[in-house]
Amino acid sequence: MSSEQKETFPQYIPEKEINELLENQNSSDNRYVEGYLRINPQCYKYAFLSMSDECDLLIFGLRDRNRAFHGDLVVACINPQEQWQMYQGQKQKTAVVVCIRKKIHPRKTIGCLKQRGMSTFFYPRDHSVPLIKVNRKSLQQFAVCPSSYEGTLYLVVITDWVTPQFAQGKIEKIVGSIGDIEAESNAILLEYDLDVTPYSQDAIKEIPNGDYSFTENDTKDREDWRHECVFTIDPDTAVDLDDAVSCKLLQNGNFEIGVHISDVTHYLEFLSPLDIQVSKRATTVYMTDNVYHMLPKQLCQLCSLLPGQDKLAFSVIWEITRNAEIVKHRFAKTIIKSCCQMAYQHAQKFIEHPENNWSDDFLKINGNFSINDLSMKVNILHDLATQIRAKRFQNGALQIDQPKLHVRIDKITSLPISYCIEEQHDSNRLIEEFMLLANMTVATQLYDAIPETALLRNHKEPSKYILSMSKDILQRFGIHLDIKSSASLHASIKRYEQEFESESNESKTTMKYRMMVINNLCSKAMTRATYKCSSTVKVEEDLRHYALNVSLYTHFTSPIRRYADCVVHRLLYSTVTSVALPQKWSRKLCIQIAANCNIKKYSAKVAQERSCELYFTYLIDLKGPIITMAIVLNVKENFIDVILCQVGIKLRVFLAELKDLATVSYSSECSVPTISISWKQPAVTQVINTFTLLYLRVEKHPESFKLIGNLLPLNEELK
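Residues numbered from 1 in each chain as written. Predicted model: local features only at pLDDT ≥ 70, side-chain atom pairs only at ≥ 80, totals over all residues. Heavy atoms only, no water.

## Here we look at unusual backbone geometry
Piece 1. Looking along the chain, the bond that leaves Q681 and enters P682 is cis, with omega of -5°.
Piece 2. On the secondary structure map, P682 appears in the loop between β31 (674–679) and β32 (685–688).
Piece 3. The phi torsion at R107 lies on the positive side, around 60°, for a residue other than glycine.
Piece 4. By secondary structure assignment, the location of R107 is in the loop between β8 (95–102) and β9 (108–116).
Piece 5. The exposure class of R107 is buried, given its relative accessible area of 10%.
Piece 6. Phi at N549 is positive, roughly 55°, even though this residue is not glycine.
Piece 7. With a relative accessible area of 26%, N549 lands in the partly exposed category. (Helix = DSSP H or I, 4+ residues; strand = E, 2+ residues; numbered from the N terminus. Buried < 20%, exposed > 50% of the residue type's maximum accessible area, 1.4 Å probe, protein only.)

## Details of the environment of G709
Piece 1. With respect to the helices and strands, the residue G709 is situated in strand β34 (residues 707–711).
Piece 2. Classification of G709 as buried rests on a relative accessible area of 8%.
Piece 3. When the C-alpha positions of G709 and E699 are compared, they lie 6.6 Å apart, and in sequence the two are 10 residues distant.
Piece 4. If near-sequence neighbours (up to four positions away) are discounted, G709 is found in contact with L651, V653, R697 and V698. (Contact = heavy atoms within 4.5 Å.)

## Digging into the packing of aromatic side chains
Describing an aromatic ring pair means giving the distance of the ring centres and the angle of the ring planes.
Piece 1. With the rule as written, the count across this model stands at 17 aromatic pairs.
Piece 2. Seen from their ring centres, F121 and F166 are 5.4 Å apart, and the 80° between their planes marks the pair as edge-to-face. Of this pair, F121 sits in strand β10 (residues 119–124) while F166 sits in strand β13 (residues 166–177), and the two are 45 residues apart along the sequence.
Piece 3. The exposure class of F121 is buried, given its relative accessible area of 6%.
Piece 4. An aromatic cluster is present here, built from Y46, F48, F60 and Y87 joined pairwise through their rings. (Phe/Tyr/Trp six-rings, centres within 6.5 Å; stacked < 30°, edge-to-face > 60°.)

## Details of the packing of helix α10 (residues 344–352) against helix α12 (residues 426–449)
Piece 1. Running from N to C, α10 and α12 cross one another at 105°; their axes reach a closest spacing of 8 Å. Classified by the angle between their axes, α10 and α12 sit roughly perpendicular to one another. Residue-level inspection shows Y344, A347, Q348 and I351 of α10 in contact with α12, the latter providing D426, S427, N428, L430 and I431.
Piece 2. Here the contact of α10 with α12 is built from residues that sort into 5 nonpolar, 3 polar and 1 charged. (Axes fitted to C-alpha atoms, helices over the stretch in contact; angles between N-to-C directions. Parallel < 35°, antiparallel > 145°, perpendicular 65-115°, else oblique. Nonpolar A, V, L, I, M, F, W, Y, C, P; charged D, E, K, R; others polar.)

## Things to note about a nonpolar patch on the surface
Piece 1. A surface patch of nonpolar side chains, amounting to about 210 Å² of accessible area, comprises Y573, V576 and V579.
Piece 2. Its location among the elements puts V579 in the loop between α16 (563–576) and α17 (587–623). (Patch = residues over 30% accessible without salt bridge, like charges linked within 9 Å, V, L, I, M, F, W, Y side chains within 5 Å. Areas by Shrake-Rupley, 256 points an atom, 1.4 Å probe, with all protein chains shown as cover. Salt bridge = Lys/Arg side-chain N within 4 Å of Asp/Glu carboxyl O.)

## Some remarks on helix α13 (residues 464–475)
Piece 1. If you check α13, its first and last C-alpha atoms are 16 Å apart, about what 12 residues at 1.5 Å a residue would give, namely 16 Å.
Piece 2. Taken together, the buried positions of α13 are occupied by Y465, I466, L467, S470 and L474. (Expected span 1.5 Å × (residues − 1).)

## Concerning the sheet that holds strand β2 (residues 38–39)
Piece 1. Taken in spatial order, the 3 strands line up as β2-β3-β4 in an open sheet, and their pairing is antiparallel. Strand pairing shows two members of the sheet lacking a second neighbour, β2 and β4 (54–60), which therefore form its edges.
Piece 2. Sheet analysis places β2 next to strand β3 (residues 46–51), joined by 2 bridges and oriented antiparallel. Residue pairing for β3: R38 is matched across the bridge by F48. (Pairing = 2+ DSSP bridges.)

## As for the packing of helix α11 (residues 371–394) against α12
Piece 1. Close contact between α11 and α12 brings their axes to 9 Å; oriented N to C, the two are set at 65°. The interaxial crossing formed by α11 with α12 has left-handed handedness. Two secondary-structure elements touch here, α11 through V378, L381, H382, L384, A385, I388, R389 and R392 and α12 through D426, R429, L430, E432, E433, F434, L436, L437 and M440.
Piece 2. Classifying every residue of the contact of α11 with α12 gives 10 nonpolar, 1 polar and 6 charged. (Left-handed = near helix turned anticlockwise from the far one by under 90°.)

## A short note on the environment of V684
Piece 1. Along the chain, the position of V684 falls in the loop between β31 and β32.
Piece 2. Overall, V684 belongs to the partly exposed group, its relative accessible area being 31%.
Piece 3. Taking the C-alpha atoms as reference points, V684 and L714, 30 residues apart in sequence, are found 8.1 Å from one another.
Piece 4. Sequence-distant contacts of V684, that is, excluding residues within four places in its chain, are made with I677, S678, W679 and L714.

## Comments concerning the sheet that holds strand β1 (residues 32–36)
Piece 1. The strand order across the open sheet formed by 3 strands is β1-β5-β8, and the pairing between neighbours is antiparallel. Looking at strand neighbours, the two that pair on one side only are β1 and β8, the edges of this open sheet. Taking the axes of each pair of neighbouring strands and ignoring which way they run, one obtains an average angle of 25° across the sheet.
Piece 2. Judged from the 6 bridges that link them, strand β5 (residues 73–78) and β8 form a sheet pairing that is antiparallel. Counterpart to L73 in the pairing with β8 is K102.
Piece 3. Its contacts with the sheet place helix α2 (residues 15–24) against β1, β5 and β8, and it is angled at close to 115° to β8.

## Focus on the pattern of salt bridges
Pairing of side chains with opposite charge becomes possible as their charged atoms draw close.
Piece 1. Counting across every chain of the model gives 34 salt bridges.
Piece 2. Here R389 makes a salt bridge to E433, at a shortest N to O gap of 3.6 Å. Note that R389 is positioned in helix α11 and E433 in helix α12, a separation of 44 residues in sequence.
Piece 3. The structure contains a network of salt bridges with shared partners spanning K108, E172, D193 and K600.

## Some details on the confidence of the model for the protein chain
Piece 1. Across the protein chain, the average pLDDT comes to 91, with 97% of residues at 70 or higher.
Piece 2. Confidence, read as mean pLDDT per element, is least for helix α1 (residues 3–6) in the protein chain (52) and greatest for strand β17 (residues 255–262) (98). (pLDDT = per-residue confidence, 0-100.)

Printed below as a string of structure tokens:
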């Protein structure tokens, strides 16, 4: 390739031509591959596209990335074999991006300014983003001069990218000082393009006040459930109560089970100015220090299913036998009055002590219901949920548990004070099971009634290649996974979990950490679930949800915090009544909404994870370094990846840090990558491979809000 070619980007292939190339190529020898671009967060030079049955496609260097960013939907053209490259010990196919189908990345980034000669350059914190030359006008607009560069975070938007060396951009916002926790938290929201600004008074002027009384139009054609025992079960900190449940014994011995979901769209008119604003946000954003609601606060309060208050709901009602067989179901717009706001810990105590006679002060109850009534109903729901869950997994559902860190914040100082791993109990699974059942029931109704424009939730099969690699790695350590299907994979994982449960307490703890590695390796192969307009697939099979192993699934149960659920409520209402779909509802609009919901949901998820790690890092900085146990996930020549056992965070430990303390050697005999560390003091050799338990000193990086882990010599571990 000439130097002139290296300095320019390849021409894009027009979309129409790309469609023809993809459609007409030989499926056994594809030259063009479509997918979501992944960029190595440690090194921008390496980007990848997943290929289901083989190793990832490697896109090397900024030129071949061709102005694409992490997360973008692209099409790449595979290079001739002589241009393939070695990467991490094996030869990989290489490719060049020839079309950006969808710009998912917001082209915004957080970082710092530095002067280079006469030009000002922006160095992004995100190493997948290129160096950016900053527009001089934007420096003048924000009165930014070299003396203020150091120690300040900026938000820069990329405006153009003409040559591979650097992109062009302009300052959009001065975020604040590096190290200031509030500025660092805001930086996460800005980087993921999450709008958390308060709604304008103009946008919310039509929302009824808190003392609003129902009109005849509100209650028309609704079933009145206010006399029924309906209640919510949520975290004890929850303020937005989307869902309530009910349980009643029928004369024939079966149960009538209801899931009652807040009727948000009764107040949120389709394509009204407020609805358009809500649709753009698409999701509630949960940060460690704050919750940014998708809906205006006033609407959240109006819709939240608070106890003792008349509320409008959209209900799914089943008749279910004692053996958890569904006899029939129906949908209804309802009025409910929740009798109790129960926390998960209350429901858990009912489940653990079903025979107790509970005192009245255990739980506040509205209406003519006793605490023992609620205990009985919770236990019936628990029994049914347990049976439904067992059948789901027998039928091939898959669950891969990953630890979730929760950092507690002091309400007065807004500083982190402690942390824990969130635990799932039977009460959590009870609610989860009936929400899944409601979502499945609604999805089937939508697809049967409006197969062209149903908004569904799709989960594609995992990468067979990555799953097979994980299987091979684990097999070397005596762990055998059957990866033929979601059912066989789940059964394999559960078999090891059950074996570990029978171990002694000390072994059980070690085995729990080993399960972290097994689950993590399996989850690497999994794809992201996405929203999809039902008619965008060629065959119905492509709508399947792999992990749940069901043909149709959607989101219906959380309209206060997810816009997709609001859309589904409107679609469901039109299919169960004579009310026509809104005139402007179309396949094109469904596709647009699905795409935006996918972007915002993923961005909010990553922002939440980043926020949690930020505050955990801040806590470590406040309290000082900690010595903690880690388990090895992956071994490479220059580093090891570990999971911190007590918090579930992954960390990369670079072995170059040990050069003055030990001699490090790497081998991959019998295909088992192994690091041998010969410590100088004490003079012992430590052998490390996947599953090795070791101790690290974990602390905050001196210059950024990142954790660094240093491997401790064997005699230092427990000091």
